[in-house]
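# Results of the structural survey
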Amino acid sequence: GTYSTFSYIFIFLMVLTHLRRREQVDRLINTVVLTSLPIAIYGILQHYQRDPLPWGGDVTTRVASNMGNAIFVAAYLLMAFFLTLERLIRSFSLLMDEERGSLAHAVQTGAYMAVLVAQLLTIFFTQSRGPWLGLLAGLYVFVLLGLIALRQRHPDTSPIRADEVARAAGTALVTLPVGGLPAFGLLAIMRRGQR
């Protein structure tokens, strides 16, 4: 455990000190997305009892993929999910651009969509509640950040006014409990299914 933690810290520091250009960040994101695909596919194979390797426990009800524990798989795929979602939105916007859209962008969009579906299926097959709550919270933050990015691209370049910040904070506070209701419903359904 200690060795793994120090390894994570070392990798983080290496990335922090050496990642400088946008191309490097893009390569890192693409690597995370691509490595999540075999992990997700292996989890799907486990769920449908097509796993070629023998496991000591049951990996069909709660898939463990190559990580040995369902919660580890779901946590990793949850982090990769948002990077894949960003890539999907970016490639879809390039596809919809009349000047730059091409067949390559259509294939790229379809590939990102397939990876996203595989990730979601494997997260579901882990039958872990925590990652679903993380997914809902992450989607909430992802949408808020997306709206901020859209606001910054708006032709009106004036700074964000105090009343806009107050409205945004009020909307966030009001919608947070509403956004939590589906999470509690999902938890109730999953608990009922485990009995």
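Above this text you will find the structure in question.
Bear in mind that the values here come from a model prediction, so they are computed numbers and not experimental data.

Think of two packed helices as two axes; the pair is described by the angle between the axes and how far apart they sit. Put simply, helix α2 (residues 22-47) and helix α3 (residues 70-96) touch, their axes get as near as 9 Å, and they point 125° apart. With respect to each other, α2 and α3 are oriented oblique. Pair α2 / α3 crosses with left-handed handedness. Residue-level inspection shows R22, D26, I29, N30, V32, V33, T35, S36, I39 and A40 of α2 in contact with α3, the latter providing V73, Y76, L77, A80, L83, T84, E86, R87 and R90. Grouping the constituent residues of the contact of α2 with α3 by class yields 10 nonpolar, 4 polar and 5 charged.

Right, let's get into the packing of aromatic side chains. Under the definition given, this model contains 5 aromatic pairs. Plain terms: the ring middles of F124 and F125 are 5.9 Å apart, the flat faces sit at 55° to each other, and that makes the pair tilted. With relative accessibility at 40%, the residue F124 sits in the partly exposed group. The exposure class of F125 is buried, given its relative accessible area of 6%. Linked through ring pairs, Y48, F124, F125 and W132 together constitute an aromatic cluster.

By the definition in use, this model includes 6 salt bridges. R21 serves as the salt-bridge partner of E23, at 3.4 Å between the closest nitrogen and oxygen. The class for R21 is partly exposed, based on a relative accessible area of 45%. When salt bridges that share partners are traced, they join R22, D26, E86, R87 and R90 into one network.

Bringing the packing of α3 against helix α5 (residues 129-153) into the picture now. Between α3 and α5, the shortest axis-to-axis distance is 10 Å and the interhelical angle comes to 25°. Taken together, the axes of α3 and α5 lie roughly parallel to each other. Crossing hand, α3 versus α5: right-handed. Across from I71, A74, L78, F81, F82, L85, E86 and I89 in α3, the residues of α5 making contact are P131, G134, L135, G138, L139 and F142.

A separate point is the nonpolar core. Of all hydrophobic cores here, the largest spans 21 residues; its most connected members are V33, L77, F81, F82, L85, L116 and L135. When residues of this core are traced back to their parent elements, those giving at least two are α2, α3, α4 (103-125) and α5. At 7 residues, α3 tops the list of elements feeding residues into this core. Setting aside anything within four residues of it in sequence, one finds V33 in contact with L83, T84, Y112 and V115.

In this section: a nonpolar patch on the surface. A cluster of nonpolar residues, F6, I9, F12, L13 and L16, forms a patch on the protein surface that exposes about 520 Å² of accessible area. Checked against the element boundaries, F12 lands in helix α1 (residues 2-18).

The rules behind each value
- Residues numbered from 1 in each chain as written.
- Predicted model: local features only at pLDDT ≥ 70, side-chain atom pairs only at ≥ 80, totals over all residues.
- Heavy atoms only, no water.
- Axes fitted to C-alpha atoms, helices over the stretch in contact; angles between N-to-C directions.
- Helix = DSSP H or I, 4+ residues; strand = E, 2+ residues; numbered from the N terminus.
- Parallel < 35°, antiparallel > 145°, perpendicular 65-115°, else oblique.
- Left-handed = near helix turned anticlockwise from the far one by under 90°.
- Contact = heavy atoms within 4.5 Å.
- Nonpolar A, V, L, I, M, F, W, Y, C, P; charged D, E, K, R; others polar.
- Phe/Tyr/Trp six-rings, centres within 6.5 Å; stacked < 30°, edge-to-face > 60°.
- Buried < 20%, exposed > 50% of the residue type's maximum accessible area, 1.4 Å probe, protein only.
- Salt bridge = Lys/Arg side-chain N within 4 Å of Asp/Glu carboxyl O.
- Core = buried A, V, L, I, M, F, W, Y, C linked by side-chain atoms within 4.5 Å.
- Patch = residues over 30% accessible without salt bridge, like charges linked within 9 Å, V, L, I, M, F, W, Y side chains within 5 Å.
- Areas by Shrake-Rupley, 256 points an atom, 1.4 Å probe, with all protein chains shown as cover.

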